[in-house]
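Coordinate analysis (summary)
Listed below are the residues making up each chain.
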Amino acid sequence: MNDRGGDVVVVGAGLIGLAIAFELAERGATVRVYDRGEPGRAASWAGAGMLAPYTERLTDEALLEFCASSLREYPAFVERVLAASGIDPRLRLDGVVHAAFNDADLQALKHHAQALAARNVATEMLDRLSLLAAEPWLGSHVAGGLLVNGEGRVDNRRLGRALVSACQTRGALIDRSSALRVECDERRVLGLRTDLGFVTAGAIVNACGAWASQLQGVPPACVPPIEPIKGEMFALAAPVDFVRHATWVLGAYLVPRDDGRLLVGATMESAGFDERVTAHGMHELLHAALSAAPSLRSFAVTESWAGLRPGTPDGLPFLGPTPIDGFFLACGHYRNGILLAPATARLMADAIETKTDAELRPFSIDRRRTEESSPGRTTYV
Ligand code: GLY
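This is a predicted model, so every value here is computed, not measured.

For strand S2 (residues 31-35), a buried count of 4 out of 5 residues is recorded, marking the element as mostly surrounded by other parts of the structure. Pairing geometry for strand S1 (residues 8-11) and S2, over 4 bridges, is parallel. Bridge pairing in S2 links Val9 to Arg32. The parallel pair S1 and S2, bridged by helix H1 (residues 15-26), forms a crossover whose chirality is right-handed. Of the strand pairs in this sheet, S2 and strand S8 (residues 173-176) are connected by 4 bridges, and their pairing is parallel. Following the sheet pairing, Tyr34 is matched in S8 by Asp175.

Written out as structure tokens, the structure reads:
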């Protein structure tokens, strides 16, 4: 029971919604999660699970600190999810490599390493031979690279399954409903109308990812401006440990799974709710991956897919309370939803349970940024 006098309803069963439900359920709240689709799918399933705030080169200080804190929380979060579910999400914090293929890019990596050193982030510059020793699959034309220690990856599909099970073990209910409509008066939230009837709620969390602006029944002041940013990916069947670290190359990143699957991503495109895999997207990714590593050319392509990142005008998520009492946002995580699940869950549970939301203020729906820039351009990686 939260101090608003009722159950918590989370709308959206992606990693963010499930992590919030798990956190609240572990703290003893009564939680229900609703989604129009299968839990743990959409962007939560489509992502590569890279946990790399520094390699992502985030420029907003509040967002970078939030991402760094979530990365620190990941091991304990995964342990709790594993304990409640019995499913290991296979967290690997063995570092992320960024490979350079010319002197200018290598120089830029050196500057990045210096900037990270000033923040006490441990990195290693790798010369060409050390990089090829660490990642022999890279093309011999590689110039060198940067290893950011402490970054890594998680198997986001396993994490989704683990969180569904962990939520259920802790008593949170997860249901599907084709129609979802928030009901509120001019001051506070009342509940959620679903296919299964009306559910009263002391608090409702919009965790609908790329669909967050489409949740019905929400007053305009509480509707987050979210734009889907499509990402296409494919998987290769490689030998286990062929690629050791998650690795960025020019125009793509490659993320290994423990079973040998090698994920290659990801395009960035503003294309509405189009989730098709396109010839153009595959061409760009294959070109980037094979230019960096001709050794990949004989592996079988086993899967291709696309997902929709929840983009926001300024690249920051929308988190915390809204002008309607009891209505909360946890959406707009853009390229960092998997990374931000643990810290989002903790801080959202604090905000819902005890109205403590100071750390979420940079991400409030009320922020007004004059320098808004759209993430909706077509670029790669
Ligand atoms: N975080 C990587 C991506 O969104 O493509």
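Attention shifts here to the side chain of Arg335. Topologically, Arg335 is positioned in the loop between strand S20 (327-331) and helix H8 (337-354). Residue Arg335 is classed as buried on the basis of its relative accessible area, which comes to 18%. A polar side-chain atom of Arg335 sits 2.7 Å from a polar atom in the side chain of Glu56.

For strand S15 (residues 252-256), a buried count of 5 out of 5 residues is recorded, marking the element as mostly surrounded by other parts of the structure. Residues Ala252, Leu254 and Pro256 of S15 are buried on one face, and the alternating residues Tyr253 and Val255, pointing to the opposite face, are buried as well. Pairing of strand S14 (residues 246-249) with S15, which is carried by 3 bridges, proceeds in the antiparallel orientation. Within S15, the position partnered with Val249 by the bridge is Ala252. Between S14 and the antiparallel strand that follows it, S15, lie 2 residues; Gly251 among them carries a positive phi value of about 90°. Bridging between S15 and strand S16 (residues 261-265) involves 4 bridges; their strand directions are antiparallel.

Parameters at a glance
- Residues numbered from 1 in each chain as written.
- Predicted model: local features only at pLDDT ≥ 70, side-chain atom pairs only at ≥ 80, totals over all residues.
- Heavy atoms only, no water.
- Buried < 20%, exposed > 50% of the residue type's maximum accessible area, 1.4 Å probe, protein only.
- Helix = DSSP H or I, 4+ residues; strand = E, 2+ residues; numbered from the N terminus.
- Pairing = 2+ DSSP bridges.
- Right-handed = clockwise from strand over helix to strand, strands pointing away.
- Polar contact = N/O pair within 3.5 Å; in protein donor to acceptor, adjacent residues only side chain to side chain.

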